[in-house]
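Examining the three-dimensional arrangement
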Amino acid sequence: MKQREIIKLVGLGLVLILTSLAGWWFLGETFGGMQFVFKPLTMTTLWNFVASLFFLLLALAIFGILAAVEQKRWFMVLTSAVLPMTLLVALGDSLYTLVAAGIWFLGLLQFGFKIREEKRARIKASIVKFLRNGLGLCISALLLAISISFYGAMTTKGTEGLDSVEVLSKFTANAGNQILVMQVPGYNPKMTLDEFILLLLAQGSEGAQKVEAAEEQSELNLPIGGDQSSFFGLDLSGMTNELQGISPDELKAAIPPDFEEQVKKDPEYIKKVFQDIKDQMVGQQIAKAREQLVKALNIEADGDDQMGTVLEKALEAYFDDLFKPFKYLIPPILALTVYFLLQIFGFVYCWITRFLAFVVYGILRLTKFVRYEKEMKECQIIKL
């Protein structure tokens, strides 16, 4: 190999490593910006994730170009081994990131061999067609590596490590809170448990129907037991049954007529109303319903506890009982959930990678970094 070719390969290899490192670094920033408690996705976190995908797909495109232009197999294998190291550098070394790096290595390795096979089979060079075989599997390996890294980041969130049940309950509670916000007018994860019961009471059967509709939409029905209507571990029918003894006239007198509209405009309004009625009969009924609900959920909670916390406790108790014999299944379940959510746009990632390879390769040709040469080769054909 000529010295000039070595310099070009080393230069392109360094660009590849830096691009991959940038992709995993942005992914680390994305994980750092995600919250277990209820918090809408910020634009910064979203842009970090988009930047991460862009740089990782760009790195994959450059890797494909390197595998196509380099004649030596060992260089492709070495590059496949070095790139996963950038994942460990950016996200840290742990059991999960090591597994993710191993999967990413296997995806790159098979992709590199597919490129070399396609290169030998084709008469006319085409960088886009060189990358067509093995790309989908390589991107699947990348998405799986991202998913496993996500779970690994969640287990180390905060100052103390979390076990698998805590991770799953916090992850699911966050999703449940966001669905309830969209489906139940006036709901806020920061409202107390007593205030949530008051909200259901004010909305009556209409509110219960909206919550049940949210349950069906989320497809995360986790009943506590029997045929009770539940949502993310909360027995709604049990709550509403405890409130049936309140007469409509008494309810109407206790709650302002424009209560629901005021709560929609200002979620803090419910706190003022609850303080006014907590010593009345309605408040006593709410306290009774809350006590029976907490007992049914097998958790410890006061009326002043925020709904986000109560939801998380209920899910943790449920998942701990459900997965107690086989907690080892939770990591792959959560990782695969994230993987399948990302895989929905798999065809888009393939298209973007081929497009980036086309653009980068075009720039390399314009700058005379690479060139085409014609060679005469013998071939075997079959005849009768």
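Relative to the helices and strands, threonine 97 resides in helix H4 (residues 95-121). Apart from the residues within four sequence positions on either side, threonine 97 is in contact with Leu87, Leu88, Leu91 and Gly92.

A surface patch of nonpolar side chains, about 530 Å² in accessible area, is lined by Trp351, Phe355, Phe358, Val359 and Ile363. In this structure, tryptophan 351 sits in helix H16 (residues 346-366).

By size, the foremost hydrophobic cluster in this structure holds 56 residues, and its most contacted members are Trp24, Leu60, Trp104, Phe111, Ile139 and Ile146. Those elements that provide at least two residues to this core are helix H1 (3-33), helix H2 (43-69), helix H3 (73-91), H4, helix H5 (127-130), helix H6 (135-155), helix H15 (330-343) and H16. Ranked by the residues each element gives to this core, the list is headed by H2, at 13 residues. Setting aside chain neighbours within four positions, we find tryptophan 24 in contact with Leu56, Thr86, Leu87, Ala90, Leu91, Trp104, Leu142, Ala145 and Ile146. Of all hydrophobic cores here, the second largest spans 30 residues; its members include Leu201, Val273, Ile277 and Val282.

So, about the packing of H3 against H4. At a minimum axis distance of 9 Å, the contact between H3 and H4 shows a crossing angle of 155°. In terms of orientation, H3 lies roughly antiparallel with respect to H4. The chirality of how H3 crosses H4 is right-handed. Touching Arg73, Met76, Val77, Ser80, Ala81, Leu83, Pro84, Leu87, Leu88 and Leu91 of H3 are Thr97, Leu98, Ala100, Ala101, Trp104, Phe105, Leu108, Leu109, Gly112, Phe113 and Arg116, all from H4.

With that settled, consider the environment of glutamine 343. In this fold, glutamine 343 is placed in helix H15. The class for glutamine 343 is partly exposed, based on a relative accessible area of 25%. For the pair formed by glutamine 343 and isoleucine 139, sequence separation is 204 residues and the distance between their alpha carbons is 8.9 Å. In this structure glutamine 343 touches Ser140 and Leu143, once residues within four positions along its chain are discounted.

Okay, the confidence of the model for the protein next. Across the protein, the average pLDDT comes to 76, with 77% of residues at or above 70. Counting contacts from residues 205-229, a segment whose pLDDT is below 50, to residues more than four positions away or on other chains yields 41 contacts. Across residues 231-235, where pLDDT falls below 50, the model places 30 contacts with residues more than four positions away in sequence or in other chains.

We now examine the side chain of threonine 79. Relative to the helices and strands, threonine 79 resides in helix H3. With near-sequence residues (within four places) excluded, threonine 79 lies in contact with Leu16 and Phe63.

Rules behind the numbers
- Residue numbers here run from 1 along each chain, matching the order of that chain's written sequence.
- Local features are withheld for residues below a pLDDT of 70 in this predicted model, meaning they are given only at 70 or higher, and side-chain atom pairs are given and counted only at 80 or more; totals for whole chains, interfaces and linings count all residues.
- Only hydrogens and water are removed before side-chain values are computed, so all heavy atoms of the structure are retained for them.
- Under the scheme used here, helices are H or I runs from DSSP no shorter than 4 residues and strands are E runs no shorter than 2 residues, and both carry numbers assigned from the N terminus.
- Contacts are residue-level and defined by heavy atoms, with any inter-residue pair within 4.5 Å sufficient.
- Like-charged residues are merged into a patch within 9 Å and nonpolar side chains (Val, Leu, Ile, Met, Phe, Trp, Tyr) within 5 Å, provided each residue has over 30% relative accessible area and no salt bridge.
- Note on areas: these come from Shrake-Rupley sampling with a 1.4 Å probe, and a residue is covered only by the protein chains present in the view.
- Salt bridge criterion: a side-chain nitrogen from Lys or Arg within 4 Å of a carboxyl oxygen from Asp or Glu.
- The set of buried Ala, Val, Leu, Ile, Met, Phe, Trp, Tyr and Cys residues whose side-chain atoms join them within 4.5 Å is what this entry labels a nonpolar core.
- Exposure categories follow from relative accessible area, calculated using a 1.4 Å probe and restricted to protein chains: below 20% of the type maximum is buried, above 50% is exposed, and the middle band is partly exposed.
- Angles shown run from 0 to 180 degrees and are taken between the N-to-C directions of axes, each axis being a line fitted to C-alpha atoms and, for helices, limited to the stretch in contact.
- Under this scheme an angle from 65 to 115 degrees is roughly perpendicular, one under 35 degrees roughly parallel, and one over 145 degrees roughly antiparallel; angles in between are oblique.
- Helix crossings get a hand from a simple test, with the near helix turned counterclockwise from the far one by less than a right angle marking a left-handed crossing and a clockwise turn marking a right-handed one.
- As a per-residue quantity, pLDDT reports the predictor's confidence and falls between 0 and 100.

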